[in-house]
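Below, each chain spelled out in residue letters.
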Amino acid sequence: MQAVRSVVEQVSGNDSTVCISGESGTGKELVAALLHSRSPRREGPFVAVNCGGFSETLLESELFGHVRGAFTGAVAEKRGLIGLADGGTFFLDEVGEMTLSTQVRLLRVLETRTYYPVGGEESRSSDVRFICATNRDLLEMVDSGLFRQDLYYRLNVIPIHVPPLRDRKDDIPLLAGYFLCEYSRRLDKRLTGFELAAMDAMLSYDWPGNVRELQNAVQRAAVLARTETIHFTDIFPNWTPRHSAPATRTAASEEALAIPPGFDLDKHLSDTEAEYIRRALELTGNNLTQAADLLGISFRSIRYKVKKLKV
């Protein structure tokens, strides 16, 4: 995930169009929201739409709005989401689900920042930054004639690929801790953390549903937990020996604890601590109080460490 954070830092300060790719559930919308929150447009709206959730007519109405009488059921004028995003960021999720005719209309907006509402004759303008996301191979769709090549190049100015959770397992403890904090607060329950066996299992599991599956597992565990600590069976209630058993981390731990020549323990611990603090701040939108809760330390302690480690 370090590569993703690096690109976000580089491009968040400008208006370049960004295309985020990755499997379903990897957190593409979170990356888009992070880009918005760190951009000069952060005081403006962040508006998102899932292009796969509407028929062609309804999607165009959602995007561009419509005038009264434009189609059956259009009893009043409606302002589209692109117009509502004026001054902010517009996020098109699953852009590969968009039909070719809607793609043509979107291309015009990207080129001119103007559009026509469905059934309307007067153009409207909107000052927005576009970010899109897809779990499909858009270039392959271009080759198949399912996605316009000109639109692909308009959208793919800054590509960001979000790896699946199985390829970034170092993120699991912080993500699980963050979700547990959130559901503990929402449920008004005192949940202090995960037992070692539960965390070992989460680190060993491949999470085919990615971050969304992890979030759902933690939510379920938080709801059903009978103790302050989340146990293995809370996370994996249906595990049986015929499923791939959560493996121990013995081999991985031995590799992680290898001591190379010139090893500096103090520097290693300091760098590791700084990285955890950075991740916690990223997950909480730089909220020191929430980041401290996530890491299990006091507000005073995290404030001191941020200054000391120059995070």
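Here, every reference points to the structure presented above.
Quick look at the structure, then. (Residues numbered from 1 in each chain as written. Predicted model: local features only at pLDDT ≥ 70, side-chain atom pairs only at ≥ 80, totals over all residues. Heavy atoms only, no water.)

Looking at the secondary structure, you find Thr-89 in strand β5 (residues 89-93). For Thr-89, a relative accessible area of 1% gives the class buried. (Helix = DSSP H or I, 4+ residues; strand = E, 2+ residues; numbered from the N terminus. Buried < 20%, exposed > 50% of the residue type's maximum accessible area, 1.4 Å probe, protein only.)

All right, on to the packing of aromatic side chains then. Counted according to the given criterion, the structure contains nine aromatic pairs. Aromatic side chains Tyr-152 and Tyr-153 sit 5.1 Å apart centroid to centroid with 75° between the ring planes, which places their arrangement in the edge-to-face category. You can call Tyr-152 buried: its relative accessible area is 12%. Geometrically, the ring pair formed by Tyr-205 and Trp-207 is edge-to-face, given 4.6 Å between the ring centres and 80° between the ring planes. Residue Tyr-205 is classed as partly exposed on the basis of its relative accessible area, which comes to 25%. Joined through ring pairs, the aromatic side chains of Tyr-205, Trp-207, Phe-232 and Phe-236 make up one cluster. (Phe/Tyr/Trp six-rings, centres within 6.5 Å; stacked < 30°, edge-to-face > 60°.)

If the charged atoms of two oppositely charged side chains come close together, the side chains can form a pair. Considering all chains together, one arrives at 17 salt bridges under this definition. A single salt-bridge network, built from bridges that share partners, covers Asp-15, Arg-41 and Asp-127. (Salt bridge = Lys/Arg side-chain N within 4 Å of Asp/Glu carboxyl O.)

This part covers unusual backbone geometry. Positive phi, normally seen in glycine, also occurs at Asp-188, with a value near 55°. Checked against the element boundaries, Asp-188 lands in the loop between α8 (172-187) and β10 (193-194). Not every positive phi belongs to a glycine, and Asn-210 is a case in point at roughly 60°. Tracing the chain through its elements places Asn-210 in helix α10 (residues 210-224). Judged by relative accessible area, Asn-210 falls into the buried class, the value being 0%.

On to the layout of surface pockets, then. As a volume, the largest pocket reaches approximately 860 Å³. Contributing elements (two or more residues each) for the lining of the largest pocket: α1 (2-11), α2 (28-37), β5, α8, α10 and α13 (265-283). It is α2 that contributes the most residues to the lining of the largest pocket, seven residues altogether. For the lining of the largest pocket, the class distribution of residues is 14 nonpolar, nine polar and 10 charged. (1 Å grid on protein atoms, 1.4 Å probe; cavity = no way out; pocket = protein on both sides within 12 Å on 5 of 7 lines; lining within 4 Å. Points joined across faces, edges and corners; volume = space filled by probe spheres on them. Nonpolar A, V, L, I, M, F, W, Y, C, P; charged D, E, K, R; others polar.)

The next subject is the state of the cysteines. A full pass over the atoms with the stated rule returns zero disulfides. The closest cysteine sulfur to the non-disulfide-bonded Cys-51 is located on Cys-132, 8.7 Å from its own sulfur. In this model Cys-132 remains outside any disulfide bridge; the closest cysteine sulfur is found in Cys-19, 3.3 Å from its own. Residue classification places Cys-132 among the buried positions, given a relative accessible area of 0%. (Disulfide = S-S within 2.5 Å.)

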